[in-house]
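Below, each chain spelled out in residue letters.
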Amino acid sequence: MNYAHDNKTQVLLILLVLSISLVGGILISGGVSEEVEAQSGYTVDTDFTGHTGEVNTLKVLDSGRIISGGKNSVKIWNPDTGNTDLTFTEHSQRVESTLQLDDGRVLTGSYFNNGLIWNPNDGIVDLTFAKQDGVTTSVQLEDGRVLTGAYRDSFKLWNPTTGNVDNTFNIHSGRINDLKKLPDGRVASTSIDGTVKVWNPTTGNVDLTFTKHNAVPRTISVIGDGKIVTAADSVFKIWNYN
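For the structure given in this document, a descriptive report is provided here. (Residues numbered from 1 in each chain as written. Predicted model: local features only at pLDDT ≥ 70, side-chain atom pairs only at ≥ 80, totals over all residues. Heavy atoms only, no water.)

1. Quick word on the overall build of the protein chain
So the rule is basically this: Helix and strand assignments come from DSSP, with helices taken as H or I runs of at least 4 residues and strands as E runs of at least 2, each series counted from the N terminus. The cut-offs for exposure are 20% and 50% of the maximum accessible area for each residue type, with area from a 1.4 Å probe on protein chains only; residues under the lower value are buried, those over the upper are exposed, and the others partly exposed.
The secondary structure content of the protein chain amounts to one helix and 24 strands. The proportion of buried residues among the 242 residues of the protein chain is 50%.

2. Points about the sheet that holds strand β7 (residues 66-69)
Spelled out, the test is: When DSSP finds two or more bridges between two strands, those strands count as paired. Axis geometry follows a simple rule: fit a line to the C-alpha atoms, using only the stretch in contact for helices, then measure angles between N-to-C directions, giving values from 0 to 180 degrees.
Reading across the sheet, the four strands line up as β6-β7-β8-β9 and stay open at both edges, with antiparallel pairing between neighbours. What marks the edges here is a single partner per strand, and that holds for β6 (57-60) and β9 (84-88). Neighbour-to-neighbour, the strand axes of this sheet turn through a mean angle of 15°, independent of strand direction. Sheet topology note: the β6/β7 ladder contains four bridges and is antiparallel. Of the residues in β7, the one forming a bridge with L58 is S68.

3. A short note on the side chain of D178
So the rule is basically this: Identification of polar contacts relies on pairs of N or O atoms within 3.5 Å, with a donor-acceptor requirement for protein atoms, meaning one able to donate a hydrogen and the other able to accept it, and with residues adjacent in sequence counted only if both atoms are side-chain atoms.
With respect to the element layout, D178 can be found in strand β18 (residues 176-181). The class for D178 is buried, based on a relative accessible area of 8%. At 2.9 Å, the side chain of D178 and the side chain of K180 are in polar contact. There is a polar contact of 2.8 Å between the side chain of D178 and the backbone nitrogen of I220.

4. Let's talk about the sheet that holds strand β14 (residues 135-140)
Strand order in the open sheet made by the four strands is β14-β15-β16-β17, with antiparallel pairing throughout. If you trace the sheet from one side to the other, it starts and ends with β14 and β17 (165-169), each paired once. Neighbour to neighbour, the strand axes of the sheet diverge by 20° on average, direction disregarded. In this structure, β14 lies alongside strand β15 (residues 146-150), joined through five bridges in antiparallel fashion.

5. A short note on the pattern of salt bridges
Basically, it comes down to this: Take a side-chain nitrogen of Lys or Arg and a carboxyl oxygen of Asp or Glu: if they are within 4 Å of each other, that pair is a salt bridge.
Applying the stated criterion across every chain yields a total of eleven salt bridges. Notably, a salt bridge pairs K181 with E142, separated by 3.7 Å at the nearest N-O pair. Remark: E142 occurs in the loop between β14 and β15 and K181 occurs in strand β18; sequence separation between them is 39 residues. Salt bridges sharing common partners tie together R94, E96 and R175.

In short, the description is geometric, and any link to function would need to be established separately.
Below you can see the structure in the form of structure tokens.
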């Protein structure tokens, strides 16, 4: 199923192409305007200003606070006041990905730079992951290990406690754009090579390659019932991965 972008789908396209999360029914969006906004319907409730570049990644932590990544920094915000609780500046390049781990720590990845695991309460770095050429996206598997995608064409499967790499998978032939866990334990990934792939994150076996986009697929959202949404330029597609 194909969808083209018009004014009525503006909020959904923000979800797919930029960065969004939900806090208590409020839509949190970030983009190239250097701001994060909390929106209820089409009314902006709170502006979160402070990044000096575009907002590349945006998530809601288990505590209910918001974490966002921009140019060289990560910020943690209070969603009620818009105040910044913490600014993390250990990255030397723009921050592309954020992930909260099961133990409460966060993993942030940056452009052609290291992945860092740190405490979101005090900003203290616990582990530096320097075995990949920039971390663009990441997920944590059910066994606790982390799978990260890179600016090159590889994925690394590694232990977030030790930093030891268990496996390297060359699934795509270009930069990894997005990575999501599927309910059945597999993962789906998009790449600048123009493909969406569904594959086993422990063996690297690819079960499905989707090539129906006419442009580079950027993001993935899992919508249940064996379906995912992928977006490329002004068109997004809903498709069945089973």
